[in-house]
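The chain contents come next:
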Amino acid sequence: MAVFFVTEDWDEELAKDTKQRRHNRRRSKKKSADEIHMDSESRKFIKSLESSKGTSWMSEKKYKRMFSEIENGLSGVMGDGPFEWVDRRVFDAVFDRLTLMSLYKLMKSGVIDTLDFPIARGKEAHVFHGTGESGPVAVKIFHTSNAVFKNLVQYIEGDPRFGGLRRRHRDLVDIWVRKEYRNLLRLSKWGLSVPMPLAVNKNVLVMDYLGTSSAPSPRLKDVKVPDPNSVYEELLEFLAVTWQKANLVHGDFSPYNIMWHGDKPVVIDVGQAVIQSHPRSQEFLVRDVTRLVEWANKSGIEVELAEAMFDVLEMDLSHVQIHEEE
Ligand SMILES: Nc1ncnc2c1ncn2[C@@H]1O[C@H](COP(=O)(O)OP(=O)(O)OP(=O)(O)O)[C@@H](O)[C@H]1O
Ligand SMILES: [Mg+2]
């Protein structure tokens, strides 16, 4: 009989335990509703960056409020900073805490002193004007989640068979950013005109800034260059050196991803660049050369794709030397 009672006690305990677990589950559901709210706030905020100018956006009331919600949670790792910190953290926090940590590390190491104003919002990243130890820097902060991913995740999250999806997505973003950093480094070592990469930390890439103290340089797409012929020659050689020497293909070469800085073209956005052994590298190369030929034709230069392709593949580049070993 005693055994029977003990069993009944256990049943009761079990029932209690189940109740508690249900309660906890409900609580964790509620937390994710908060997350959803935060996400939507972030989206709104990110959208507002598009229209914002200067640094005024940093002190807006609602972002201050957002910041105060997370301030306590972060004080352990951030320590007490000067007030300036607060404004910077407001905006960084909307991306997420790991992004904030990356910025913090980059600030500690002196690569970035201040984050000044947003420059551009791309499909995969925001670019900011920053100031570092030796002057202005461009800070490209990659989005760690996107709409497509968020949509997928809602069907998978919570299914114990597919845990850690967010984590893996972040890893992928981090790898992508390191790839852009390494591609920039490789291209600049071959003397190519790209912004020099200065540092990378998780989803944050810091590089040379191209522009004035108030605005970035225009894109090739937005300017009428004085001597299109020489620009064409220079860009053709850019593609040739990239292919023949650096063994890479840009993969998204277009007047959108070329800036006009100091009366010269500077090529940006090299995250998607692939090595020659990539199965689609030739296809990407043809596409890149096609874009250049299109630009040349529009600028009044008579050149054909076959001719340009031949030059890129066969151009004599014996004068081009690597600056130092990677
Ligand atoms: N080093 C830099 N200095 C100044 N401005 C820059 C720099 N790098 C990028 N930008 C600005 O940020 C914009 C977006 O940069 P980039 O093309 O690298 O990002 P992206 O997210 O891949 O953009 P998209 O999806 O539009 O191609 C550029 O068009 C340019 O205006
Ligand atoms: Mg781009």
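That block above? That's the structure.
Caption draft 1: Representation of helix α8 (residues 281–298) within the structure. In this model, α8 (18 residues) spans 26 Å end to end at C-alpha, consistent with the 26 Å of a helix rising 1.5 Å per residue. When we look at burial in α8, the residues that qualify are Ser-281, Phe-284, Leu-285, Asp-288, Val-289, Leu-292, Val-293, Trp-295 and Ala-296. Where the residues of α8 are buried, they touch α7 (228–244), β6 (248–249), β9 (274–275) and α9 (305–314). Directly after α8, the chain includes Gly-300, whose backbone phi takes a positive value near 90°.

Caption draft 2: Expanded view of the sheet that holds strand β4 (residues 197–201). The strand order across the open sheet formed by five strands is β1-β2-β3-β5-β4, and the pairing between neighbours is antiparallel. Two strands lie at the open edges of the sheet, namely β1 (114–121) and β4, each paired on one side alone. For this sheet the average axis-to-axis angle between neighbouring strands, irrespective of direction, equals 25°. Sheet analysis places β4 next to strand β5 (residues 204–208), joined by four bridges and oriented antiparallel. In the strand pairing of β5, Val-200 is matched with Leu-205.

Caption draft 3: Examining the site of ligand 1 more closely. Taken together, 19 residues lie around ligand 1, and Lys-123, Lys-140, Asp-208, Leu-210 and Asp-269 are the ones closest in. The backbone of Leu-210 places a nitrogen or oxygen atom 3.0 Å from a nitrogen atom of ligand 1. Against a free-state accessible area of 610 Å², the protein chains account for coverage of 89% of ligand 1. Most atoms of ligand 1, that is more than half of them, are within 2 Å of grid points of the second largest pocket. Elements with a minimum of two residues in the shell around ligand 1: β2 (125–132), β3 (135–142) and β5. Of the residues that constitute the shell around ligand 1, the class distribution is eleven nonpolar, two polar and six charged. Two domains each donate at least three residues to the shell around ligand 1, and these are domain 1 (52–208) and domain 2 (220–314).

Caption draft 4: Molecular detail of the coordination of the magnesium ion (ligand 2). The protein atoms that coordinate the magnesium ion (ligand 2) are Asn-257 (OD1) and Asp-269 (OD), at distances spanning 2.1 to 2.3 Å. Here the residue Asn-257 occupies a position in the loop between β6 and β7 (258–261), and Asp-269 occupies one in the loop between β8 (264–267) and β9, the gap between them amounting to twelve residues. Judged by relative accessible area, Asn-257 falls into the buried class, the value being 8%. Looking at Asp-269, the relative accessible area reads 16%, which means it is buried.

Caption draft 5: A look at the pattern of salt bridges. Applying the stated criterion across every chain, the model contains seven salt bridges. For Arg-280, the salt bridge identified is with Glu-283, shortest N-O distance 2.8 Å. Owing to a relative accessible area of 41%, Glu-283 belongs among the partly exposed residues under this scheme. One salt-bridge network, in which partners are shared between bridges, spans Lys-140, Glu-180 and Asp-269.

About the criteria used
Residues numbered from 1 in each chain as written. Chains lettered and ligands numbered in written order. Predicted model: local features only at pLDDT ≥ 70, side-chain atom pairs only at ≥ 80, totals over all residues. Heavy atoms only, no water. Helix = DSSP H or I, 4+ residues; strand = E, 2+ residues; numbered from the N terminus. Expected span 1.5 Å × (residues − 1). Buried < 20%, exposed > 50% of the residue type's maximum accessible area, 1.4 Å probe, protein only. Contact = heavy atoms within 4.5 Å. Pairing = 2+ DSSP bridges. Axes fitted to C-alpha atoms, helices over the stretch in contact; angles between N-to-C directions. Near = heavy atom within 4 Å. Polar contact = N/O pair within 3.5 Å; in protein donor to acceptor, adjacent residues only side chain to side chain. Areas by Shrake-Rupley, 256 points an atom, 1.4 Å probe, with all protein chains shown as cover. 1 Å grid on protein atoms, 1.4 Å probe; cavity = no way out; pocket = protein on both sides within 12 Å on 5 of 7 lines; lining within 4 Å. Sits in = over half its atoms within 2 Å of the grid points. Nonpolar A, V, L, I, M, F, W, Y, C, P; charged D, E, K, R; others polar. Domains from an automatic or database assignment. Donors = N, O, S within 2.8 Å, 3.2 Å for Na, K, Ca; no water. Salt bridge = Lys/Arg side-chain N within 4 Å of Asp/Glu carboxyl O.

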